[in-house]
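Survey of secondary and tertiary structure
The residues making up each chain are set out below.
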Amino acid sequence: MNTALEVRDLSVSFGGVAAVQGVSFCARSGEVLSIIGPNGAGKTTVFNMISGIYRPDAGRINLHGADVSGVPAFRLARSGLSRTFQNIQILADQTVLDNVSIGRCRWEHTSLLADLFRFPSVVAQNEETRRKSLMALDAVGLAQQADVLAANLPYGDLKRLEIARAMASEPTVLLLDEPAAGCNAVETDAINDVIRKFVAADARRAVVLIEHDMKMVMAISNQIVVLNQGQVLACGSPAEVRGDERVVEAYLGVQSAEDAAHAAD
Ligand SMILES: Nc1ncnc2c1ncn2[C@@H]1O[C@H](COP(=O)(O)OP(=O)(O)OP(=O)(O)O)[C@@H](O)[C@H]1O
Ligand SMILES: [Mg+2]
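Quick look at the structure, then. (Residues numbered from 1 in each chain as written. Chains lettered and ligands numbered in written order. Predicted model: local features only at pLDDT ≥ 70, side-chain atom pairs only at ≥ 80, totals over all residues. Heavy atoms only, no water.)

Take the site of ligand 1 next. Neighbouring ligand 1 are 14 residues; G40, K43, T44, T45 and Q86 lie closest to it. A distance of 2.8 Å separates an oxygen atom of ligand 1 from a polar backbone atom of G40. Within the side chain of K43, one N or O atom sits 2.7 Å away from an oxygen atom of ligand 1. In the complex, the protein chains occlude 63% of the 640 Å² of accessible area that ligand 1 would expose alone. (Near = heavy atom within 4 Å. Polar contact = N/O pair within 3.5 Å; in protein donor to acceptor, adjacent residues only side chain to side chain. Areas by Shrake-Rupley, 256 points an atom, 1.4 Å probe, with all protein chains shown as cover.)

In structure tokens form, the structure reads like this:
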């Protein structure tokens, strides 16, 4: 299997606080790799470095074998990287379709003149944007809501809309930051299904998933990286990670206690 995304010894500090220290992992094409760990472990910070939002203090990022360390976010989209955000970032006063179309900008080439006089190339491009955006909406089960205002979507649909926007850029590496956070069991299953189908549709694709829902993580992941206090605590298959005492102590034990408390509520 080919390497889709590799990070090596990634580190960043904020005001002397080491948020991420020497993190390495490798997501292969065809795989779902999950990053888990307690709040503040550095998971989103790793995504922010991979996606060019933060510049790492040290380390390297390779996308399909090309060094993309320090490459800004808008260029990374053209290299096949796309992501969602932990906090929903949707334009509430735009339609569902318009929100997804934003994800197509990687493919759009335009000029003021061509736009002004509606050159045939502009018309064709707009048509392509619409077609591909509808395909992305269809993949997450939201095609029927294309013309609905995003503000009118329920929370679970907004989470899927975010994924559709990220998928609309036709990425080969998709980073999902807590896609199922706040979702009920049915919505979580739907997201699970979207991720599986996305990976299965093209042999080059990989998903890197940050998620606290351990049932989902254990079911969908080929590999799991456990972060704790900015460092990799453990890495392996779901069975290996579940059986690792350090992981149970630092994270899974806490999660189980929280789950039990919620169940008792
Ligand atoms: N821009 C920033 N400036 C200062 N500190 C930051 C910044 N970004 C992240 N941090 C710090 O880095 C640490 C890791 O934060 P991060 O958001 O990556 O955690 P996380 O694992 O994603 O947590 P959660 O599960 O709560 O989302 C935290 O201590 C956080 O306060
Ligand atoms: Mg986070």
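Turning next to a nonpolar patch on the surface. A surface patch of nonpolar side chains, amounting to about 250 Å² of accessible area, comprises F14, I53 and Y54. Within the fold, F14 resides in strand β1 (residues 3-14). (Patch = residues over 30% accessible without salt bridge, like charges linked within 9 Å, V, L, I, M, F, W, Y side chains within 5 Å. Salt bridge = Lys/Arg side-chain N within 4 Å of Asp/Glu carboxyl O. Helix = DSSP H or I, 4+ residues; strand = E, 2+ residues; numbered from the N terminus.)

By definition of the ideal shapes, a tetrahedral metal site with four donors has angles of 109.5 degrees and an octahedral site with six donors has angles of 90 or 180 degrees. Each protein donor to the magnesium ion (ligand 2) is listed here as T44 (OG1) and Q86 (OE1); together their distances run 2.0 to 2.2 Å. Linking T44 in helix α1 (residues 43-50) with Q86 in the loop between β6 (81-83) and α3 (96-101), this pair joins segments that are 42 residues apart in sequence. A relative accessible area of 34% means that Q86 is categorised as partly exposed. (Donors = N, O, S within 2.8 Å, 3.2 Å for Na, K, Ca; no water. Buried < 20%, exposed > 50% of the residue type's maximum accessible area, 1.4 Å probe, protein only.)

Strand order in the open sheet formed by six strands is β6-β7-β8-β3-β9-β10, and the pairing between neighbours is mixed. Only two strands of the sheet have a single neighbouring strand rather than two, namely β6 and β10 (231-236). Each strand axis lies, on average, 15 degrees off the axis of its neighbour in the sheet, ignoring direction. The pairing of strand β9 (residues 223-228) with β10 spans five bridges and is classified as antiparallel. Each residue of the ladder has a partner; that of L227, found in β10, is V232. (Pairing = 2+ DSSP bridges. Axes fitted to C-alpha atoms, helices over the stretch in contact; angles between N-to-C directions.)

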